[in-house]
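Structure assessment
Below, each chain spelled out in residue letters.
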Amino acid sequence: MSLKHHLISPLIGNNPITLQILGICSALAVTTTLSTAITMSVALTVVLCLSGGVISLMRHHIPPSIRLIIQITIVASIVIVIDQFMQAFMFEMSKRLSIFVGLIVTNCLVLGRAEAFAMRNPVVPSALDGLGNGLGYSLILLIVGTLREFLGTGGLLGVPLVKTVAEGGWFEPLGLMQLAPSAFFILGLMVWLVRVLRPEQVERPEFRLETAEDRRP
Amino acid sequence: MAELLSPIRKFFARSNDDLVKIIGMAVLVALVSSAAVSITSVMLKPYQEANRAAERQARIDQMLDTLPGMRDLMMESGVDTLETRLVNLDDGSFASSEDPAGFDLDAALQDSEASIALQADADTAGIKRRANLSPVYLLQKDGDLKLIVLPVYGAGYQSTIRAALAIEADLTTIAALAIVEQGDTPGFGARIEEPEWLALWPGKKIADETGAVRIELVRGGASTPYEVDGISGATRTSNGITNMLRFWLGDQGFGPFLSRLRQEGL
């Protein structure tokens, strides 16, 4: 596996959201507008990349019995540091994102990559794996955020693109798009689309109904 | 150097199942992480404080914009913001010897000379210490008081709520309330920031004819001029606001200042 592979494969082939189904709850919460989705994407990508690197760096000295506590402590520290930077230099954005940035700690994607990849691989591939997964997550977030903001408000990044009915135009904003369920619908459609294009991603059913023919000896 | 490093090498050479290594790694990770978090927090604090101060000022300006006619009055008086003065809370006089711009509430609260400890039963706002001085913001025209804004703060449900209470020239009618800082539960307590709820405040009275402070948040329909609808689902935030206002308008807070203003004027 080349280094490039770690970076490229999580984008579509092994996307953390559409294939691994990790990090869903933050994907719902921060995608009402494109700008919050972008900030969350950047913050999560940085956290994933740094935590992957740091945990991989000390992987030989993490006692297996307390590895999860150590991973969580490292991830939480990185998140707090990033949150502090945001409060100092991106105050408006941090007010809108504050609780979600804190929730990066519990984002299963971060711990999932630390446990599945960084604990067993050298530093550079681990950091690249974090970066790749962060970009894969960002890609989905940006698509969902763009669709939700445009269909929900008729604009992007706060700039109105089409005139809404309220302003005398023709566009009727779809209020549902600003609510959390719409992110589920969009994510579901995207999972479906990706699996139609890449049938190898379709999971085999875990159980199959027993038919009368199976019972016949 | 080699002798110094050898115990460290020995520690890292231990097996990962060794008890000393497990406890040692836990302590080491905790120490390094807490150092990193503390250093960033301390180094970035000045920037964050500047942001918060700007935010507080913006909220007060925003409140002024909601008051009908207030901007016109300010234009007539030829000022673009409120005048800041320091008040001695014990006797209610203006502390004219001090520079309002140099007043630092956090420093005053650390200093046993500049603040007093509150007894538990008197500390309804849940603030533990109260500074002897407090800034107030006022608007006057030809020596007549037009509006006075009192900064108040107290414990909400899970955060300190900071608010600015604007009172009209009669010193009993509320002109507006602005929540300048809070961190209560989003969707519940944090709804105290919503304009719809803040719009309930103008016209309410803080005290009755005898001067007793009556203002409170109630469940369900507010029926008297002293009652404001609380936030449903956020009883502790609502109680926190009642207690905070009762404290700051009472004897330990701006009570002496307000009664002196009623008797003597500015």
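Within an unreviewed UniProt entry, the label attached to chain B reads Na(+)-translocating NADH-quinone reductase subunit C, and the organism entered is Hoeflea alexandrii. Here is the UniProt Subcellular location (unreviewed entry) comment for chain B, exactly as written: "Cell membrane". UniProt lists a comment for chain B under the heading Catalytic activity (unreviewed entry), and it reads "a ubiquinone + n Na(+)(in) + NADH + H(+) = a ubiquinol + n Na(+)(out) + NAD(+)".

Chain A is annotated in an unreviewed UniProt entry as NADH:ubiquinone reductase (Na(+)-transporting) subunit D of Hoeflea alexandrii. The record held by UniProt for chain A lists under Subcellular location (unreviewed entry) the comment "Endomembrane system".

**Digging into the packing of aromatic side chains**
Evaluation of the coordinates by the stated rule reveals nine aromatic pairs over all chains. Seen from their ring centres, F89 of chain A and Y47 of chain B are 5.0 Å apart, and the 50° between their planes marks the pair as tilted. Taken together, the positions of F89 of chain A in helix α4 (residues 67-89) and Y47 of chain B in helix α2 (residues 19-66) put the pair across two chains. In textbook terms, an aromatic cluster arises when at least three aromatic residues are bridged by ring pairs, as seen for F94, Y153, F247, W248, F254 and F257 of chain B. Between R85 of chain B and the ring centre of F94 of chain B, over which it is positioned, the NZ or CZ distance is 4.6 Å. Taking NZ or CZ as reference, R162 of chain B lies 5.1 Å from the ring centre of Y153 of chain B, over its face.

**Here we look at the pattern of salt bridges**
A complete count under the given rule lists nine salt bridges over all chains for this structure. A salt bridge links R67 of chain A to E115 of chain A; the nearest nitrogen and oxygen atoms lie 2.8 Å apart. Of the two residues, R67 of chain A is situated in helix α4 and E115 of chain A in helix α6 (residues 108-118); the sequence distance between them amounts to 48 residues. On the accessibility criterion, E115 of chain A (23% relative accessible area) is partly exposed. Residue R14 of chain B is joined to D18 of chain B by a salt bridge in which the shortest nitrogen-to-oxygen separation is 3.1 Å. For R14 of chain B, a relative accessible area of 37% translates into the label partly exposed.

**With respect to the UniProt feature "domain: FMN-binding" (unreviewed entry) in chain B**
The sites that UniProt annotates as "domain: FMN-binding" (unreviewed entry) are residues 156-252 of chain B. Across residues 156-252 of chain B, the secondary structure splits into 20% helix and 24% strand, with the terminal C-alpha atoms separated by 19 Å.

**A look at the sheet that holds strand β4 (residues 133-141) of chain B**
Residue and element names in this part refer to chain B. Read from one edge of the open sheet, five strands run β1-β4-β5-β6-β7, paired in antiparallel fashion. Each edge of the open sheet carries a strand with a single partner, namely β1 (83-88) and β7 (174-181). Across the sheet, the mean angle from the axis of one strand to that of its neighbour is 30°, orientation sign disregarded. Across the sheet, helix α6 (residues 235-249) touches β5 (144-155), β6 (160-168) and β7, and the angle it forms with β5 is around 130°.

**Some thoughts on the domain arrangement of chain B**
All names here are of chain B. With domains assigned, chain B is organised as domain 1 (1-66) and domain 2 (67-264). Placing the centre of domain 1 and that of domain 2 at their C-alpha centroids yields a distance of 36 Å. Facing 11 residues of domain 1, the contacting portion of domain 2 comprises 20 residues. Carbon and sulfur atoms make up 58% of the surface buried where domain 1 meets domain 2, a total of about 1,200 Å² over both sides. For the domain 1 face of the interface with domain 2, the top three residues by lost area are R59, M63 and L64, together amounting to 53%. Between the two partners, domain 1 and domain 2, sit zero salt bridges. For the interface between domain 1 and domain 2, the tally reads zero residue pairs in polar contact (both at pLDDT 80 or more). Class assignment of the residues belonging to the side of domain 1 that touches domain 2 gives a composition of three nonpolar, two polar and six charged.

**Considerations on empty space enclosed by the protein**
Residue and element names in this part refer to chain A. Summed over the entire model, instances satisfying the criterion amount to one cavity of 30 Å³ or more. One number sums up the size of the largest cavity: a volume of about 40 Å³. Residue lining of the largest cavity: L48, S51, G52, V110, R113, A114, F117, A118, S126, D129 and G130, and that is the complete set. Elements with a minimum of two residues in the lining of the largest cavity: α3 (34-57), α6 and α7 (123-153). Per element, the largest residue contribution to the lining of the largest cavity is five residues, and it comes from α6. Among the residues making up the lining of the largest cavity, the classes are represented as five nonpolar, four polar and two charged.

**Section: the interface of chain A and chain B**
Every contact between the two is made by 23 residues of chain A and, on the other side, 20 residues of chain B. For the chain A and chain B pair, buried surface summed over both sides reaches about 1,800 Å², with 69% attributable to carbon and sulfur atoms. Of all residues in chain A, H61, Q84 and F91 of chain A give up the largest surface area on contact with chain B, accounting jointly for 28% of the area buried on that side. There are zero salt bridges connecting chain A and chain B. At the junction of chain A with chain B, the criterion picks out seven residue pairs in polar contact (both at pLDDT 80 or more). Secondary structure elements with two or more residues in the side of chain A that touches chain B: α4 and α5 (91-103) of chain A. With 11 residues, the single largest contributor to the side of chain A that touches chain B is α4 of chain A. Here the residues of the side of chain A that touches chain B sort into 14 nonpolar, seven polar and two charged.

**Structural notes on a nonpolar patch on the surface**
All names here are of chain A. On the surface, I38, V42, V46, L50, L142, L157, V159 and L161 cluster together into a nonpolar patch covering about 660 Å² of accessible area. Examining the composition of the nonpolar patch, we find that four residues originate from one element, α3, more than from any other. You can see V46 is positioned in helix α3. With a relative accessible area of 35%, V46 lands in the partly exposed category.

**A short note on the packing of α3 of chain A against α7 of chain A**
Residues and elements named next belong to chain A. Contact pair α3 / α7: the axes reach a minimum separation of 8 Å and the direction vectors enclose 165°. For the element pair α3 / α7, the angle class is roughly antiparallel. In terms of crossing hand, the pair formed by α3 and α7 is right-handed.

Cut-offs applied
- Residues numbered from 1 in each chain as written.
- Chains lettered and ligands numbered in written order.
- Predicted model: local features only at pLDDT ≥ 70, side-chain atom pairs only at ≥ 80, totals over all residues.
- Heavy atoms only, no water.
- UniProt positions renumbered as here; feature names shortened; annotations may be inferred.
- Phe/Tyr/Trp six-rings, centres within 6.5 Å; stacked < 30°, edge-to-face > 60°.
- Helix = DSSP H or I, 4+ residues; strand = E, 2+ residues; numbered from the N terminus.
- Lys NZ or Arg CZ within 6 Å of the ring centre and 35° of its normal.
- Salt bridge = Lys/Arg side-chain N within 4 Å of Asp/Glu carboxyl O.
- Buried < 20%, exposed > 50% of the residue type's maximum accessible area, 1.4 Å probe, protein only.
- Pairing = 2+ DSSP bridges.
- Axes fitted to C-alpha atoms, helices over the stretch in contact; angles between N-to-C directions.
- Contact = heavy atoms within 4.5 Å.
- Domains from an automatic or database assignment.
- Buried area = accessible area lost by both parts, 1.4 Å probe.
- Polar contact = N/O pair within 3.5 Å; in protein donor to acceptor, adjacent residues only side chain to side chain.
- Nonpolar A, V, L, I, M, F, W, Y, C, P; charged D, E, K, R; others polar.
- 1 Å grid on protein atoms, 1.4 Å probe; cavity = no way out; pocket = protein on both sides within 12 Å on 5 of 7 lines; lining within 4 Å.
- Points joined across faces, edges and corners; volume = space filled by probe spheres on them.
- Patch = residues over 30% accessible without salt bridge, like charges linked within 9 Å, V, L, I, M, F, W, Y side chains within 5 Å.
- Areas by Shrake-Rupley, 256 points an atom, 1.4 Å probe, with all protein chains shown as cover.
- Parallel < 35°, antiparallel > 145°, perpendicular 65-115°, else oblique.
- Left-handed = near helix turned anticlockwise from the far one by under 90°.

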